[in-house]
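Overview (structure and organization)
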Amino acid sequence: MSTPPILAVREASISFGAVRAVNGVSLALAPGERHALLGTNGAGKTTLFNAISGEVPLTSGGIAFKGSDISRLRPHQRARLGIGRTFQTSLTFADRSVEDNLRVAVMGRRGPRFGLRPWGAYRPQVEAARVSAARFGLDEVLAQPVGTLSYGQQRELEIAMALAGEPELLLMDEPAAGMSPQGRGRLVEILRGLPRSITMLFVEHDMDVALSLADRITVMRDGAVVAAGTPSDIRANPLVRELYLGGKH
Amino acid sequence: MTPMPQQLLRHPVLWLALAGLAFPLIAGEFWVGTVAARVLIIGTMALSLTFLTSSAGLVSFAQAGVAGVAGYTLALLSPNITGVGMAVPWPLAVGAALVMGTLAGLLVGWVSVRSSGIYLLMITLAMSVSLFYLVSQNTEIFNGFDGINGLKPPELFGMDLRAPIPFYGMALAAAVLSAAAVMHLDRTPFGLQLHALRNAPRRVAALGFSTTLLRIAAFGIAGLIASVGGVLNTWFSGQMSPGAVDVHAAVNLLVVAVLGGIRHPLGAFLGAAAFVLLENYAASVIDRERFNLVIGAVFIVIVLFAKDGLIGLIQQLRAQIKPAWTGVCAKSGRKAV
Ligand SMILES: Nc1ncnc2c1ncn2[C@@H]1O[C@H](COP(=O)(O)OP(=O)(O)OP(=O)(O)O)[C@@H](O)[C@H]1O
Ligand SMILES: [Mg+2]
């Protein structure tokens, strides 16, 4: 790789007591790359995400973002540097409207973080929230409480909220999980349409979604990386075929 | 958009202000200066807890203690007959009391930042109890159990602020301003961020907010509101003693807030009214000692049968009356409000 990586995970290990959830994982993402993380249940994908976003401390190893070490920063500090994320199970403000959810999301990075004036004083933020809703067709349900949205819309809101902070690195933990085939198709289209100024690392169990979006793929099992390469490398990898295509030998 | 006057009419704080202004017209001095003023003071202190719970989903047993920090600061900086502290001009004393109370609120938030639910209640109770032991055992500064006596509100433009009507006016202004501030916060980015914090703290952090700072700020604002109540309470009772910050006082504020309805700013004042009335009447009907039994029973009934307290009951009633009212209006050709 000629360009320096935007994200570099070096020999990362994470233990919960006796459980070693992540075991010496290294990973490098070039700017603009779409990188899929595959792996069986309990492989440590979510734990690795939590470590990159700062929720879980590394037991050993390091994480660098745009060349500087971030492994000691708190989650909100990493978010302000430009790391956005979605969660495996939706984490939204369920009793609030779509618009309110997106307003909070917009203000996380650009502020105001303690705004004490009425909303009228924050026109640009209010406008930005509407624009980010429109990207996902959520402008039609702007006033609805998030709890009343369809599952697919809630998943889209997850991503819209992460994007509202204009991140340079977007981490998505199973963005398409539980969505209908049409919903998946729509989501893939939207993600494809995002500019290359956003680097993406995403967990996806659906091989079709993963292969159609990713430039590079890393496969994890029991906390360790077992394969890495381009989609065609991965498709041809015997171990991956065994894991994903039902153990044919 | 709704025209301004109509919006104002629906504003609950306006109703608090109007009811407050009308009260002296129909009630005598005892009711105004003693009963109603006390309702407003207790209501303002309970409002600090209502704010924490309704905005950020936080609970605290320390609000009486925080009000007490403001009260003791005011007492120590005002002329008193106990002969402790150092008297300064009253605006300075009040300012210092509000600052110290707010700092105490921030401290409570900072110390308890990692706790929630029952643990948050316990840690705030522990802080409240520590304050009680500090002031009751230290005789040099706080004069121990006897406290600081002979405190008086100042004169303002030749008006004695301790006289029933002026004092009531001051308490009403403080209560209305505090309630308006809480209602306003709910409609600002900060208020929305607090709601978000209560719903999904992990998400709030992932978006770039320091959840620690948000929480501490909420406790700071609650501290300021409690301090306003604490200053008035000290002037009202003319003294400051450990009794104002004991476990009883802490529990009472929680009872008042829950009784009135902890989800709405006006709940605090309804709860305070119920509390003060029960206190006055229970004492005349049964033993004064039995008051706790009565308030406890009422508390249990409210918790079991009216989750949102008295204000919740009123809202339910209004919802039932509204269709009927709309019907009447349709017949008489008036527009329903
Ligand atoms: N907070 C925690 N405490 C203890 N063990 C944990 C914790 N979080 C994760 N683990 C364990 O770490 C391992 C990896 O879990 P993780 O959620 O990262 O897997 P995953 O690859 O995301 O799986 P899935 O595909 O099911 O989402 C599992 O064995 C899990 O039980
Ligand atoms: Mg996972």
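Computed from a predicted structure; not experimentally measured.

With that settled, consider the domain arrangement of chain A. Residue and element names in this part refer to chain A. Domain annotation of chain A identifies domain 1 (1-82 + 167-249) and domain 2 (91-166). Domain 1 puts 20 residues into the contact, and the matching count from domain 2 is 14 residues. With both chains or domains summed, domain 1 and domain 2 bury close to 1,300 Å², and 61% of this area falls on carbon and sulfur atoms. Summed over the shared surface of domain 1 and domain 2, the result is one salt bridge. Summed over the shared surface of domain 1 and domain 2, the number is seven residue pairs in polar contact (both at pLDDT 80 or more). Put simply, the parts of the chain that give the side of domain 1 that touches domain 2 at least two residues each are helix 2 (75-81), strand 7 (169-173) and helix 6 (181-193). In terms of residue count, helix 6 provides more of the side of domain 1 that touches domain 2 than any other element does, four residues in total. For the side of domain 1 that touches domain 2, the residue count by class is 13 nonpolar, two polar and five charged.

Next up on the list: the site of ligand 1. Residues and elements named next belong to chain A. Ligand 1 sits among 13 residues. The nearest are Gly42, Lys45, Thr46, Thr47 and Gln88. Taking Thr47, its side chain carries an N or O atom lying 2.5 Å from an oxygen atom of ligand 1. Within the side chain of His205, a nitrogen or oxygen atom sits 3.2 Å from an oxygen atom of ligand 1. With the chains in place, 60% of the 630 Å² that ligand 1 exposes on its own is no longer accessible. By residue number, the principal contributor to the shell around ligand 1 is helix 1 (residues 45-53), which donates three residues. Taken together, the residues of the shell around ligand 1 break down into three nonpolar, eight polar and two charged.

Looking now at the pattern of salt bridges. Under the criterion given, the structure shown has 15 salt bridges over all chains. Close ionic contact of A:Glu99 with A:Arg103 constitutes a salt bridge, the shortest N to O distance being 3.3 Å. Linking A:Glu99 with A:Arg103, this pair stays in helix 3 (residues 98-110), spanning four residues, or about one helical turn. Judged by its relative accessible area of 11%, A:Arg103 falls in the buried class. In this structure, B:Arg38 and B:Glu279 form a salt bridge, with 2.6 Å as the shortest nitrogen-oxygen distance. One end of the pair, B:Arg38, is in helix 3 (residues 29-56); the other, B:Glu279, is in helix 12 (residues 265-285), with 241 residues separating them in the sequence. On the accessibility criterion, B:Arg38 (23% relative accessible area) is partly exposed. Residue B:Glu279 is classed as buried on the basis of its relative accessible area of 11%.

Now for the coordination of the magnesium ion (ligand 2). Residue and element names in this part refer to chain A. Ligation of the magnesium ion (ligand 2) by protein atoms is provided by Thr46 (OG1) and Gln88 (OE1), these donors lying 1.9 to 2.2 Å from the ion. With Thr46 in helix 1 and Gln88 in the loop between strand 6 (83-85) and helix 3, this residue pair connects regions lying 42 residues apart in the sequence. What makes Thr46 partly exposed here is its relative accessible area of 25%. Here Gln88 falls in the partly exposed class, since its relative accessible area comes to 34%.

Thresholds applied
Residues numbered from 1 in each chain as written. Chains lettered and ligands numbered in written order. Predicted model: local features only at pLDDT ≥ 70, side-chain atom pairs only at ≥ 80, totals over all residues. Heavy atoms only, no water. Domains from an automatic or database assignment. Contact = heavy atoms within 4.5 Å. Buried area = accessible area lost by both parts, 1.4 Å probe. Salt bridge = Lys/Arg side-chain N within 4 Å of Asp/Glu carboxyl O. Polar contact = N/O pair within 3.5 Å; in protein donor to acceptor, adjacent residues only side chain to side chain. Helix = DSSP H or I, 4+ residues; strand = E, 2+ residues; numbered from the N terminus. Nonpolar A, V, L, I, M, F, W, Y, C, P; charged D, E, K, R; others polar. Near = heavy atom within 4 Å. Areas by Shrake-Rupley, 256 points an atom, 1.4 Å probe, with all protein chains shown as cover. Buried < 20%, exposed > 50% of the residue type's maximum accessible area, 1.4 Å probe, protein only. Donors = N, O, S within 2.8 Å, 3.2 Å for Na, K, Ca; no water.

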